[in-house]
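Overview (structure and organization)
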Amino acid sequence: MTTGIKGFRHIKSLLAAIALLLAVPTFSYAGDTASTEASAKAPESKEKFNAGDMIIEHVSDAHSWHIAGDFSIPLPVILYSKDRGLMIFSSAKLKHGNVFKGLEKDPNSPNGFKESGVHIVVANADGTVNKAETDKLWDLSITKNAATILITGFLLIFIFTSVAKAYKNQAMAAPKGMQSFFEPVVQFIRDDIAIPSIGNKKYEKFMPYLLTLFFFILFLNLFGLIPFFPGGANVTGNITITMTLACFTFILMMANSTKTYWGHTLWMPGVPPLVKVLILGPIETLGIILKPFTLLIRIFANMLAGHIVALSFFSLIFIFGTMSAVAGYGVSVVSVIFTIIMLLLDTLVALIQAYVFTLLSAMYFGMATEEASEHHH
């Protein structure tokens, strides 16, 4: 009979870490380049199916959540500037290229669509973009990616609150329900990731963050594979999201780094001073800077590529369908089979990427917190 595992002593800290992630605003400066959605439609004329546009639409962020056909759920647009103050309104006000209170969706988005993107700009009377006023805007809108992050965070809080309550009320009972599902996972993260990478004495300090990181990334990855609401958002395929997570790891690594770590990194013992200064020092410094990039690029590229490949297989149905109905129906069987296979493969990749991100973070923490007595030459 299992009476609970030591890793769940960190449940309160885990919830606090999740709450911190939720408290970090998902915003972008309007003067910067934002990710785009391709949702342009041509009611006047029937256009040929464009696979590239469809794929871009599904892997990009958006101010609305597409449900089916022309129906979508508008999300709140939240803008602030010193001159205009705080502006909150529905994204439906900007549909079909409409201008609302002098604002519109960026007509000069990379994919060339009038309605594209989460980049809101200030429009002049002649329809051109007022760049000076646009640069003053801060966009704190709840986009599809931001909404998915909120849903995931609240879901994690609910799950682990329930699990923690069950352990508190039934400490001596065998785990059941969600307890029995999450206990082996938490134990795996503790015994196979945290302890081997960080050490028995220091791993507990990092357990709340590692647990938060693993489940947060895993749930976001799995939500992205669900083709209908509330899924479908390509959150971990957005480089700004993975960059934020990588920065959290980097900041924690730097904040907990020891003198021994810096000594063995920048001034390696037993190496001639000239070699340290001219060769190894710059290389090791570059290695420190590149650590967060190895985290953010790996998960971003893998998840984005998985979505694109699955959508490409699915697009074959419509590509051949424009040639003839028979070709469309004939290819649809093979296309759907390959799409399902890719989604199953992406499910495995979602788990692997959450594991790899957590493992590398733990390894970085272990290297940064190493003491002189622990170092072996």
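Residues numbered from 1 in each chain as written. Predicted model: local features only at pLDDT ≥ 70, side-chain atom pairs only at ≥ 80, totals over all residues. Heavy atoms only, no water.

1. Notes on helix 7 (residues 239-255)
Quick note on the threshold: Helical segments are the DSSP runs of H or I of at least four residues, strand segments are the runs of E of at least two, and each set is numbered from the N terminus. In this scheme, a helix's expected span is set at 1.5 Å multiplied by one less than its residue total. Relative accessibility thresholds used throughout: buried, under 20% of the residue-type maximum; exposed, over 50%; partly exposed, between the two (1.4 Å probe, protein chains only). It is the directions from the helix axis to the C-beta atoms that the arc portrays.
Helix length check: helix 7, at 17 residues, gives a terminal C-alpha distance of 24 Å against a target of 24 Å (1.5 Å per residue), a fit within 8%. Three or more residues of helix 7 are buried, namely Ile-241, Thr-242, Leu-245, Ala-246, Thr-249 and Met-253. Each buried residue of helix 7 lies within a common arc of 135° when the element is viewed along its axis, so the set occupies one face. In this structure, helix 7 carries Ile-251 and Ala-255 as exposed residues pointing more than 90 degrees from its buried face.

2. Things to note about helix 2 (residues 51-59)
So the rule is basically this: Every residue pair with non-hydrogen atoms within 4.5 Å of one another is taken to be in contact.
Listed in full, the buried residues belonging to helix 2 are Ala-51, Met-54, Ile-55 and Val-59. An end-on view of helix 2 places all buried positions within 120° of arc, on one side of the element. Buried residues along helix 2 sit against helix 9 (273-321).

3. Let's talk about the packing of aromatic side chains
Note the cut-off: Here the aromatic set is Phe, Tyr and Trp, taking the six-membered ring for Trp, and pairing holds for ring centres within 6.5 Å; pairs whose planes are under 30 degrees apart are stacked, those over 60 apart are edge-to-face, and all others are tilted.
As enumerated under the stated definition, the model contains nine aromatic pairs in all. On the numbers, 5.0 Å between centres and 85° between planes, the contact of Phe-181 with Phe-182 is edge-to-face. For Phe-181, a relative accessible area of 57% puts it in the exposed group. A residue is classified by how much of its surface remains accessible, and Phe-182, at 5% relative accessible area, is buried. A centroid spacing of 5.5 Å and a plane angle of 65° characterise the contact between Phe-182 and Phe-215, whose relative ring orientation is edge-to-face. Taken together, the residues span a long stretch of sequence, with Phe-182 in helix 5 (residues 178-198) and Phe-215 in helix 6 (residues 203-225) at a distance of 33 residues. Here the aromatic residues Phe-160, Phe-181, Phe-182, Phe-214 and Phe-215 are joined through ring pairs into a cluster of three or more.

4. Focus on the confidence of the model for the chain
Worth spelling out the cut-off: pLDDT measures the predictor's confidence residue by residue and takes values from 0 up to 100.
Mean pLDDT for the chain: 77, with 82% of residues reaching 70 or above. In the model, residues 110-117 has pLDDT below 50 throughout and makes 31 contacts with residues more than four positions away in sequence or in other chains.

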